[in-house]
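# Tertiary structure, described
Listed here are the chains, written in short residue letters.
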Amino acid sequence: MTIDNLQTVPTGPRRSVELDSDEALRLLGSVSFGRVVFTRQALPTVRPVNHLLDGGDIVIRTHEGAALTSRTRQAGAPGVVVAYEADAIDPHTHLGWSVVVTGYAHLVTDPHELARYQALLHPWVNQTMDYAVRIHPDLITGVRLTAAEEPGAA
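Residues numbered from 1 in each chain as written. Predicted model: local features only at pLDDT ≥ 70, side-chain atom pairs only at ≥ 80, totals over all residues. Heavy atoms only, no water.

## Overview of the pairing of strand E8 (residues 131-147)
What counts, and what does not: We treat two strands as partners when DSSP finds at least two bridges between them. Helix numbering and strand numbering both begin at the N terminus, where a helix is a DSSP run of H or I of at least 4 residues and a strand a DSSP run of E of at least 2.
Bridging between strand E1 (residues 14-18) and E8 involves five bridges; their strand directions are antiparallel. Of the residues in E8, the one forming a bridge with Ser16 is Leu145. Pairing of strand E5 (residues 57-62) with E8, which is carried by five bridges, proceeds in the antiparallel orientation. In the sheet register, Ile60 faces E8, and the bridge partner there is Val133. Pairing analysis gives twelve bridges linking strand E7 (residues 96-107) to E8, with the strands arranged antiparallel. When the bridges of E8 are listed, Gly103 appears paired with Pro137.

Here you go:
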């Protein structure tokens with residue numbers, strides 16, 4: 001965005017309200033887009049992906065050449081540590097929510113389970129996605145951004 005086309009955003013105090021893990025997962029499951037964070041060559045790497053929530057786990061599809069496919073293939077039990085973030089924040093009011101899940105990711109190897117995810121989760125990029133990665137949350141945090149009450153408001 002250049003300085004010429006900046007839009008005026010309503011200002012006002014905001015309040016950050018912590019979400020419990022059940023509400024955070026419910027919100028994460030209400031959207032289909034997020035960002036997976038993992039390490040690649042000892043540096044943090046972020047990839048935008050679409051996902052589904054299955055039994056409290058996050059499932060994403062990957063392809064043969066994907067760095068995350070390689071990392072999870074090389075990882076032993078319990079998997080490779082990742083973070084997953086999803087949000088829904090209004091660009092004009094800056095109100096909404098954000099959820100971050102940290103846990104272990106591993107490749108889905110069961111052919112029936114993989115076929116099920118291929119039927120349920122359609123990648124939004126035009127690329128063959130023959131793999132699925134399941135992220136089991138160990139730490140779930142979330143915040144809801146709300147308008148703060150003005151001082152003196154009843």
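Let's pick the thread back up.
## Here we look at the side chain of Ser98
Heads up, the rule is: Between two residues, a contact is recorded if the distance between any of their heavy atoms is within 4.5 Å.
Here Ser98 lies in strand E7. Ignoring anything within four residues of it in the chain, the contact list for Ser98 reads Glu85, Ala86, Asp87, Thr141, Gly142 and Val143.

## Concerning the confidence of the model for the protein
What counts is decided by this rule: One confidence number per residue, pLDDT, is output by the predictor and ranges from 0 to 100.
Put simply, the protein has an average pLDDT of 88, and 90% of its residues get 70 or more. Ranking the helices and strands of the protein by mean pLDDT puts helix H1 (residues 21-29) first, with 97, and helix H2 (residues 67-74) last, with 84.

## Focus: the packing of aromatic side chains
Inclusion rule: Two rings from Phe, Tyr or Trp (for Trp, the six-membered ring) form a pair when their centres are within 6.5 Å of each other. A pair whose planes differ by under 30 degrees is stacked, one over 60 is edge-to-face, and the rest are tilted. Remark: exposure states derive from per-residue accessible area (1.4 Å probe, protein chains only) relative to the maximum for the residue type, with buried under 20%, exposed over 50%, and partly exposed in between.
Counting across every chain of the model gives one aromatic pair. Consider the rings of Phe33 and Trp124, whose centres lie 5.8 Å apart with planes at 55 degrees: the pair is tilted. One end of the pair, Phe33, is in strand E2 (residues 33-40); the other, Trp124, is in the loop between helix H3 (111-120) and E8, and 91 residues separate them in sequence. Since its relative accessible area comes to 34%, Phe33 is described here as partly exposed.

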